[in-house]
Every structure is written in structure tokens, then in C-alpha cells.
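Here are the chains, one letter per residue:
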Amino acid sequence: MLTIASRLDVMNRLGRAMADPTRSRILLALIEQPRHPGELARSLELTRSNVSNHLTCLRGCGIVAAIPEGRSTRYEIADPHLAKALLAMLDVVLAVDDGVECADENCDVSLCCGASA
């Protein structure tokens, strides 16, 4: 059963998921498109058991969903809003790197890109 988690719980779950570089790589791959564990293992050059362990963690955090497809399982980001939020977070990280301009050409955030909003 799905539940609505508190904001603190959500932040802790996301932090745990992204604290591991392998889980972050899996999340980035799943943002692109849903995938099967074997496909993730091949594309990320990981063992299938390693990928399965990380997918179990990501499922436990409520970040990815497992979709049965016959005898196999496809994994995807649990909520499209989450995928959008993760992509937005990546833009923020890119925007604050030294010497890198903001990725948003319509940025109106104060002190970013020289904007004075």
C-alpha cells in the first residue's frame, strides 16, 4: 500500500538513495527510460546481483517501482514528478559549478547569472 511520507522522511529517503554512486547511476539511467535489471547491469557494467541489491534499496525508499512483465520485472521511477524533480536538481547542481553558466536560459533567480530578481 502506498502512503504519503512526511517531508523529512522524503528527504531522508532521497538522501539515502543518492548517497551511493551506484544507486545514483541507476537513477540516472531510469530517468532516461524504464529498464530491466539485466539491461542496467550491462549498460552500467555492474553485476546483476549488485544491480538487484541497489534496486531493492531504491524500492524500499519508495523511489523506484517494479513492474512485472511476464517472467521478468521492469523498473521505473515511481512517480513522474520525482523524475522531473531529480532532473531539476541536476540543473541546480550544474548551475552552481564554478565557471558554468546557468542551464536555464529564462533564469530569474536572484544572484544567479547576474539576475537581480
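Conventions we followed
Residues numbered from 1 in each chain as written. Predicted model: local features only at pLDDT ≥ 70, side-chain atom pairs only at ≥ 80, totals over all residues. Heavy atoms only, no water. Salt bridge = Lys/Arg side-chain N within 4 Å of Asp/Glu carboxyl O. Helix = DSSP H or I, 4+ residues; strand = E, 2+ residues; numbered from the N terminus. Buried < 20%, exposed > 50% of the residue type's maximum accessible area, 1.4 Å probe, protein only. Arc of directions from axis to C-beta. Contact = heavy atoms within 4.5 Å. Polar contact = N/O pair within 3.5 Å; in protein donor to acceptor, adjacent residues only side chain to side chain.

**Structural notes on the pattern of salt bridges**
So, point 1. All chains considered together, the criterion is met by 5 salt bridges.
So, point 2. Where Arg 13 meets Asp 9, a salt bridge forms, and the shortest distance between an N and an O atom there is 2.9 Å. In this pair, Arg 13 and Asp 9 are both assigned in helix H1 (residues 7-18), 4 residues apart and thus about one turn of the helix distant.
So, point 3. Residue classification places Arg 13 among the partly exposed residues on the basis of a relative accessible area of 31%.
So, point 4. When its relative accessible area of 27% is taken as the criterion, Asp 9 is described as partly exposed.
So, point 5. Notably, a salt bridge pairs Glu 76 with Arg 74, separated by 2.4 Å at the nearest N-O pair.

**A short note on helix H3 (residues 37-44)**
So, point 1. Restricting attention to buried positions, one finds in H3 the residues Pro 37, Gly 38, Leu 40, Ala 41 and Leu 44. Buried residues in H3, looked at end-on, bunch into an arc of 160°, giving them a common side.
So, point 2. Each element contacted by the buried residues of H3 is listed here: helix H2 (21-32), helix H4 (48-60) and strand E2 (72-77).
So, point 3. At the C-terminal side of H3, Glu 45 shows a positive phi close to 55°.

**Remarks on the side chain of Arg 74**
So, point 1. Relative to the helices and strands, Arg 74 is located in strand E2.
So, point 2. Within the local environment of Arg 74, its side chain forms a polar contact with the side chain of Glu 69, the two groups lying 2.7 Å apart.
So, point 3. Look past the residues within four positions of Arg 74 in its chain and what remains in contact with it is Pro 34, Arg 35, His 36, Ala 65, Ala 66, Ile 67 and Glu 69.

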